[in-house]
Amino acid sequence: MRLDRVLANAGLGSRSEIRKLIRSGQVKLDQQVITDAGYQVHDPAAAKLMIRGQPVETRQHLYIMFNKPAGLITAMEDKKDNTIADRLPRMFLDKKVAPVGRLDRDTTGLLILTNDGTLSHRLASPRWSVGKVYDVTIHDNGVLFSEKDINLFAAGIQLSDDFTCKPARLEVLGKNRALLEIHEGKFHQVKRMMQKTGREVAALHRVRIGPLFLDPDLNAGDYRHLSQQEVDSLYHAVRLTDSEQIQNTDQF
Ligand code: URA
């Protein structure tokens, strides 16, 4: 994408103002002064741009991976409880970044946050069937995991008279521990699936959403921006094309 377009998309001025700024040598891309407004920026999401020595945020849409710690509710604001926003920069709130789906207060692990409404909606909607994988630890006092459970969960657990889960994939890691992949996001869904099968969850940690794994280098409570490749993989998982992504971010 052209440099002037990248900067205009970020709301940093009119096209003519931006061109003037570039020509006057005040814009740096990856430490290099660029004076050509038509200079091609190959990966706008990863570009390190500076204007008059100050870093600028060029992305209209933000895509964040957050390793949620226990004890926070999945909301950006709350009158009485501590929220995930307490661990994130204020700028995310200003840019209307919101979590994709929810994790319970005591659930830890992968949360995606974005202000890209189309992507967020599709990742959360059962219609697009994006897998969410949980590392589930259960208490000793109930039914323990065995290989027989694989078929039980694959058949679809009935949670209520009018709701049966889509087939879920169980991988038994031990008698108290399994990975469970589900394709919806009903309230307390994993805990209720465990309860229905005679178990009580002791700990729940989300490790994957569709193609995106929780980064093992991200400590609990930390966040990072997704790479362009990771965003593309999420787009692909919900059958959005790259061109739709460009349309979303492109103002001209
Ligand atoms: N299922 C649950 O029961 N809790 C979560 O936080 C996520 C999925």
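Residues numbered from 1 in each chain as written. Predicted model: local features only at pLDDT ≥ 70, side-chain atom pairs only at ≥ 80, totals over all residues. Heavy atoms only, no water.

Quick notes on the domain arrangement of the chain
(1) Moving on: Per the domain assignment, the segments making up the chain are domain 1 (3-56) and domain 2 (63-223).
(2) Moving on: On a C-alpha basis, the centroid separation for the pair domain 1 and domain 2 is 39 Å. (Domains from an automatic or database assignment.)

With respect to the site of the ligand
(1) Moving on: Around the ligand, the structure places Leu103, Asp104, Thr107, Tyr134, His188, Gln189, Val190, Lys191 and Leu204.
(2) Moving on: Asp104 is positioned with one of its backbone polar atoms (N or O) 2.7 Å from an oxygen atom of the ligand.
(3) Moving on: In the model, an oxygen atom of the ligand is placed 3.4 Å from a nitrogen or oxygen of the Gln189 main chain.
(4) Moving on: Protein chains bury 96% of the 240 Å² of accessible surface belonging to the ligand in isolation.
(5) Moving on: Taken together, the residues that form the shell around the ligand break down as four nonpolar, three polar and two charged. (Near = heavy atom within 4 Å. Polar contact = N/O pair within 3.5 Å; in protein donor to acceptor, adjacent residues only side chain to side chain. Areas by Shrake-Rupley, 256 points an atom, 1.4 Å probe, with all protein chains shown as cover. Nonpolar A, V, L, I, M, F, W, Y, C, P; charged D, E, K, R; others polar.)

Focus on the side chain of Asn115
(1) Moving on: The topology assignment puts Asn115 in the loop between strand S7 (108-114) and helix H4 (117-124).
(2) Moving on: A residue is classified by how much of its surface remains accessible, and Asn115, at 18% relative accessible area, is buried.
(3) Moving on: At 2.7 Å, the side chain of Asn115 and the backbone nitrogen of Leu62 are in polar contact.
(4) Moving on: In terms of polar contacts, Asn115 uses its side chain to reach the backbone carbonyl oxygen of Lys95, at 2.9 Å.
(5) Moving on: The residues touching Asn115, leaving out its near neighbours within four places in the chain, are Gln60, His61, Leu62, Lys95, Lys96 and Val97. (Helix = DSSP H or I, 4+ residues; strand = E, 2+ residues; numbered from the N terminus. Buried < 20%, exposed > 50% of the residue type's maximum accessible area, 1.4 Å probe, protein only. Contact = heavy atoms within 4.5 Å.)

Section: helix H2 (residues 15-23)
(1) Moving on: Listing the buried residues of H2 in full gives Ile18, Leu21 and Ile22. Seen along its axis, H2 keeps its buried residues to an arc of 100 degrees; they face one direction. Among the exposed residues of H2, those pointing more than 90 degrees away from its buried face are Ser16, Lys20 and Arg23.
(2) Moving on: Gly25 lies just past H2 and shows a positive phi near 80 degrees. (Arc of directions from axis to C-beta.)

Comments concerning the environment of Asp104
(1) Moving on: Looking at the secondary structure, you find Asp104 in the loop between strand S6 (98-99) and S7.
(2) Moving on: Along the primary structure Asp104 and Met194 are separated by 90 residues, whereas in three dimensions their C-alpha atoms are 15 Å apart.
(3) Moving on: Filtering out sequence-adjacent residues up to four positions away, Asp104 remains in contact with Lys68, Leu72, His188 and Lys191.
(4) Moving on: Side-chain polar atoms of Asp104 contact the side chain of His188, separated by 3.0 Å.

Topic: the confidence of the model for the chain
(1) Moving on: Per-residue confidence for the chain gives a mean pLDDT of 91; residues scoring 70 or more make up 94%.
(2) Moving on: Low confidence marks residues 243-252, where pLDDT is under 50. Its contacts with residues over four positions away, or in another chain, come to 23 contacts. (pLDDT = per-residue confidence, 0-100.)

Some remarks on the pairing of strand S5 (residues 63-68)
(1) Moving on: Burial of S5 is extensive: six of the six residues sit out of reach of the surface.
(2) Moving on: Here S5 shows two buried faces, one formed by Tyr63, Met65 and Asn67 and the other by Ile64, Phe66 and Lys68.
(3) Moving on: Where S5 meets S7, six bridges bridge the pair, whose relative direction is antiparallel. Across the sheet, the residue bridging to Lys68 is Gly109, located in S7.
(4) Moving on: Both S5 and strand S15 (residues 223-225) contribute to a ladder of three bridges, which runs antiparallel. Looking at the pairing, Met65 lines up with Arg224 of S15. (Pairing = 2+ DSSP bridges.)

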